[in-house]
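As a plain string of letters, each chain reads:
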Amino acid sequence: MSYWNLTPDGDPIATRAARLLPVLWDGQKAMLKLAVEEEERAGGVLLVWWDGVGAARVLANEGGALLMERAAGLGCLSDMARTGRDDEACDILCATAARLHAPRAKPFPELIPLTHWFRTLSPVAAARGGLLRRCDMASRKLLATPQEVIPLHGDLHHGNVLDFGSRGWLTVDPKCLMGERGFDFANIFCNPDLLVAAEPYRFLRRLTVVAEAARLERRLLLLWILAWCGLSAAFSLEDGDAPPLDLLRVAELAAAGLDR
């Protein structure tokens, strides 16, 4: 704590990939993050590159330790989505993505190609077949002809865009990816939880709202949702877990949308 003159200001938080501690830094509320996994450490590189535009501002960074501004607002996108304000939550997510995706007058940092992530899907789809095979076909089509290739957040959803008070809604926890812009909007359709996300009317409404706010062609967005659901299912299977049934339901809704 003495290196950056930090004072603990809350209980520690432990996740699979990182350890976090609310702190005070020169009187300012901040969050200290110690990466446990390499993916989390790499994500800090992208936070630094964004320089506080659309994302939490990095105050100090060394090795696997990241000191960033702390969300102090009371708003919660997950609560909004569950209490009749889902359109508003989707608009905020898309507006945040637009700020992240805006051109910067500086070179890109070293990032992980999106194709690297999707290597997990093809062997799982070949072994399992069915809906996963169709998810894999969608991903192959998208990755073969990428459009608008930019730095991606990689995990943009209701729990990773937080209320920073006067600074507005900002994102945290990026995955340090480079790929097609449309990918960043797919995970919205699986959150804030799959019980909410798999409701057919809500899925269709979100499709309209997000396609318009993100300036994405509807069919392209459906392909990315299908590809993302397959990748998420493949990650679960790789970890030895069964994919949630509601995740597969979202994939079915995307596939049905493509068949119309």
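Residues numbered from 1 in each chain as written. Predicted model: local features only at pLDDT ≥ 70, side-chain atom pairs only at ≥ 80, totals over all residues. Heavy atoms only, no water.

**Q** Honestly, the overall build of the protein chain in this entry has me stumped. Any pointers?
**A** When you go through the protein chain residue by residue, the secondary structure sums to ten helices and eleven strands. By the compact-globule yardstick of 18 Å for 260 residues, the protein chain fits well, its C-alpha radius of gyration being 18 Å. Across its three principal axes, the protein chain shows a C-alpha extent of roughly 60 × 40 × 40 Å. A total of 260 residues make up the protein chain; the buried ones form 54% of that total. For the protein chain, long-range pairs separated by at least 24 residues make up 66% of all intrachain contacts whose partners lie at least 6 apart in sequence. On the protein chain, roughly 12,200 Å² of surface is accessible, and the fraction owed to carbon and sulfur atoms is 55%. (Helix = DSSP H or I, 4+ residues; strand = E, 2+ residues; numbered from the N terminus. Rg over C-alpha atoms; globule rule 2.2 N^0.38 Å. Buried < 20%, exposed > 50% of the residue type's maximum accessible area, 1.4 Å probe, protein only. Contact = heavy atoms within 4.5 Å. Areas by Shrake-Rupley, 256 points an atom, 1.4 Å probe, with all protein chains shown as cover.)

**Q** Which parts of the structure should I look at to understand helix H3 (residues 86–101)?
**A** Note: α-helices contain 3.6 residues per turn, so residues at a spacing of three or four share the same orientation. Between its first and last C-alpha, H3 extends 22 Å over 16 residues, near the 22 Å set by a 1.5 Å rise per residue. Those residues of H3 lying buried are Asp86, Ala89, Cys90, Ile92, Leu93, Cys94, Thr96, Ala97, Leu100 and His101. Elements that come into contact with the buried residues of H3 comprise helix H1 (38–50), helix H2 (77–82), strand E8 (149–152), strand E9 (161–163), strand E10 (169–171) and helix H8 (200–214). (Expected span 1.5 Å × (residues − 1).)

**Q** Could you clarify how one ought to interpret the nonpolar core in this entry?
**A** Buried together is how nonpolar side chains tend to be arranged in soluble globular proteins. Membership of the largest hydrophobic core comes to 80 residues, with the highest contact counts inside it found for Phe183, Phe185, Val210, Leu221, Trp224, Ile225 and Val250. Here this core takes 14 residues from helix H9 (residues 218–238), the largest share from any one element. Listed in part, the nine residues of the second largest apolar core include Trp4, Leu21, Ala30 and Ala60. (Core = buried A, V, L, I, M, F, W, Y, C linked by side-chain atoms within 4.5 Å.)

**Q** What exactly am I supposed to notice about unusual backbone geometry here?
**A** Most of the time, phi is negative for any residue but glycine, and the peptide bond is trans. With an omega of 10°, the peptide bond running from asparagine 191 to proline 192 counts as cis. Along the chain, proline 192 turns up in the loop between strand E11 (177–180) and helix H7 (194–197). Within the chain, aspartate 26 stands out as a residue other than glycine whose phi angle is a positive 55°. Positionally, aspartate 26 belongs in the loop between strand E3 (18–25) and strand E4 (28–35). A residue is classified by how much of its surface remains accessible, and aspartate 26, at 75% relative accessible area, is exposed.

**Q** Looking at this model, I keep getting lost on the sheet that holds E8. Mind explaining?
**A** Strand pairing within a sheet occurs via backbone hydrogen bonds; the two strands may be parallel or antiparallel. Pairing in this open sheet of three strands is mixed, and the strands run E7-E11-E8 from one edge to the other. Of all the strands in the sheet, just strand E7 (112–113) and E8 have a single pairing partner and so form its edges. Relative to E11, E8 runs antiparallel, the two being bridged by four bridges. Each residue of the ladder has a partner; that of valine 149, found in E11, is glutamate 180. (Pairing = 2+ DSSP bridges.)

**Q** Would you mind going over the packing of aromatic side chains with me for this structure?
**A** Between two aromatic rings, the relevant description is the distance of the centres plus the angle of the planes. Summed over all chains, the structure comprises eight aromatic pairs. Consider the rings of phenylalanine 118 and phenylalanine 183, whose centres lie 6.1 Å apart with planes at 80°: the pair is edge-to-face. Linking phenylalanine 118 in helix H4 (residues 114–118) with phenylalanine 183 in the loop between E11 and H7, this pair joins segments that are 65 residues apart in sequence. Between phenylalanine 183 and tryptophan 228 the ring centres are 5.7 Å apart and the planes differ by 80°, which places this aromatic pair in the edge-to-face class. Taken together, the residues phenylalanine 183 in the loop between E11 and H7 and tryptophan 228 in helix H9 connect sequence positions 45 residues apart. In this pair, the class of phenylalanine 183 matches that of tryptophan 228, namely buried. Taken together, the ring pairs connect Trp117, Phe118, Phe183, Trp224, Trp228 and Phe235 into an aromatic cluster. (Phe/Tyr/Trp six-rings, centres within 6.5 Å; stacked < 30°, edge-to-face > 60°.)

None of the figures reported here should be taken as evidence of function without further support.
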